[in-house]
Amino acid sequence: MMMQDNTKSQPITVEQVWAAYQEVRRHGKAAGVDELTLKDYALVRSKELYKVWNRMRSGSYFPPPVRRKEIPKGDGKMRKLGIPTVSDRVAQTVVKTYLEPLLEPHFHPYSFGYRPGRNAQQALQQATGQCYQKAWVLDLDIEGFFDNLDHGLLMRALQRHTTEKWVLMYVERWLKAPIEGTDGKLEYPTRGSPQGGVVSPVLSNLYLHYAFDQWMKLHHSTVMFERYADDIVVHCQSKVEAERLLEEIRERLQGCGLRLHPEKTKIVYCKTSFRKEKHDTVSFDFLGIRFKPKKAKSTRTGEYFTSYGPAGIGKKSIKKIVETIKSKQLHRKMGSGVTDLARELADHIRGWVNYFGRIHMSYLRGVMQYLNNRLVSWARKRHKRFKGSLLKARQWLRTVCTDYPMLFLHWRYGFIP
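Residues numbered from 1 in each chain as written. Predicted model: local features only at pLDDT ≥ 70, side-chain atom pairs only at ≥ 80, totals over all residues. Heavy atoms only, no water.

K.L.:
When you look at the sheet that holds strand β9 (residues 284-286) in this model, what are you seeing that I'm missing?
P.N.:
The strands making up a sheet associate through backbone hydrogen bonding, with each pair oriented either parallel or antiparallel. Taken together, three strands build an open sheet; the order of strands is β9-β10-β11 and the sheet is antiparallel. Strand pairing shows two members of the sheet lacking a second neighbour, β9 and β11 (304-313), which therefore form its edges. Taking the axes of each pair of neighbouring strands and ignoring which way they run, one obtains an average angle of 50° across the sheet. The sheet contact formed by β9 and strand β10 (residues 289-297) spans three bridges and is antiparallel. Looking at the pairing, Phe284 lines up with Phe291 of β10. Strand contacts of helix α5 (residues 120-133): β9, β10 and β11, with the helix running at about 50° to β10, the strand carrying the most contacts. Strand contacts of helix α10 (residues 315-327): β9, β10 and β11, with the helix running at about 40° to β11, the strand carrying the most contacts. (Pairing = 2+ DSSP bridges. Helix = DSSP H or I, 4+ residues; strand = E, 2+ residues; numbered from the N terminus. Axes fitted to C-alpha atoms, helices over the stretch in contact; angles between N-to-C directions. Contact = heavy atoms within 4.5 Å.)

In structure tokens form, the structure reads like this:
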């Protein structure tokens with residue numbers, strides 16, 4: 001039953017709402033069902049923020065429908081996102097700001113996703129070290145995680161950490177908020193938490209803290225793992241241990257209303273020159289990075305051997321980057337100059353460099369060469385003198401790169417045309 005506490009004033013201040021709005025402004029997203037963008041919202045913010053504060057304070061705030069947006073996944077399927085309105089993102093941020101410091105001390109040290117002071121690079125670094133020490137990996141894929149959170153279990157988990165009625169009341173309302181589909185019809189969820197909501201990451205972390213992290217701590221305290229949201233890698237000493245643990249985890253998650261994907265979940269052998277067992281699967285992707293056997297050189301003897309660890313960008317991530325570049329349709333932008341293209345691509349390139357380049361800049365070589373090739377194709381179509389000569393178009397772009405090396409961010413790191 002949904003909690004009701006509309007008769008008493010809730011301890012929510014104007015300062016909390018204003019701070020939440022400032023936080024939302026730093027993470028701009030698409031408009032919700034009211035079609036108000038952050039820019040539009042800024043014109044009426046005093047009125048709208050007052051309504052958020054007044055209704056949250058009185059207990060009469062009810063979230064509007066969440067707008068469904070579908071984006072393609074790497075496997076050809078669509079990922080369903082839920083886009084709240086700006087006002088609802090502000091309200092959710094108020095609760096998230098309260099919950100985060102309350103829950104953070106209880107979360108597991110092997111949980112890295114959506115937590116202050118933790119990031120994907122730390123998870124990848126730990127995974128690399130563990131693959132060096134242990135020969136077997138469980139690559140776990142939870143099917144439709146955000147769509148299948150059990151509301152009752154989640155609320156029970158939350159009640160372990162707070163008795164604040166206003167927090168419990170609003171979280172429950174967000175879980176039950178209607179979703180407006182692409183056809184305009186409303187759906188009323190009985191499970192799940194919209195992927196895209198401000199409060200969803202902290203709630204999903206809480207759910208998996210009890211469904212997985214805490215269970216591992218109680219029953220398999222010596223087993224190392226990395227969890228980033230619902231992306232989980234577990235390290236085992238032997239194939240027998242991996243097979244046994246996989247069945248236990250599968251049963252545990254089923255008891256929490258979750259299901260491991262039967263095809264994407266797999267046991268992986270971290271094959272090296274010094275590991276002699278045989279197994280069909282020797283690679284896996286974690287947080288966009290492909291882990292697999294790779295050639296290495298001994299610093300002591302100078303001899304080459306097979307090591308194991310991060311070896312490049314994962315196939316899904318490569319596909320996503322290529323599709324992003326294709327979506328810009330550079331070859332059709334005959335009216336744009338090279339500086340216009342640089343401006344349009346800047347945020348995307350910066351994101352790829354900041355993430356993949358921080359792990360190893362060489363991982364970007366292939367996709368950045370693909371981008372350069374698209375720029376050459378654009379040059380051939382825009383400038384008639386290059387129409388019949390790929391070489392001349394490439395030489396021209398290389399001259400631009402030499403004269404203006406800071407124009408495209410990837411040029412600065414040596415990925416020249």
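K.L.:
Help me understand the sheet that holds strand β8 (residues 266-269) in this model?
P.N.:
In spatial order, the strands read β6-β7-β3-β8; together these four strands make up an open sheet with antiparallel pairing. Among the strands making up the open sheet, the edge pair consists of β6 (225-228) and β8. Averaged over neighbouring strand pairs, the angle between their axes works out to 15° when direction is ignored. Pairing of β6 with strand β7 (residues 231-236) involves four bridges; the strand directions are antiparallel. Across the sheet, residue Glu226 finds its bridge partner in β7, namely Val233. Here α5 sits on the sheet in contact with β3 (136-141), β6 and β7, set at roughly 160° to β6. Helix α8 (residues 200-219) rests against β3, β6 and β7 of the sheet, and its axis sits at about 175° to β6.

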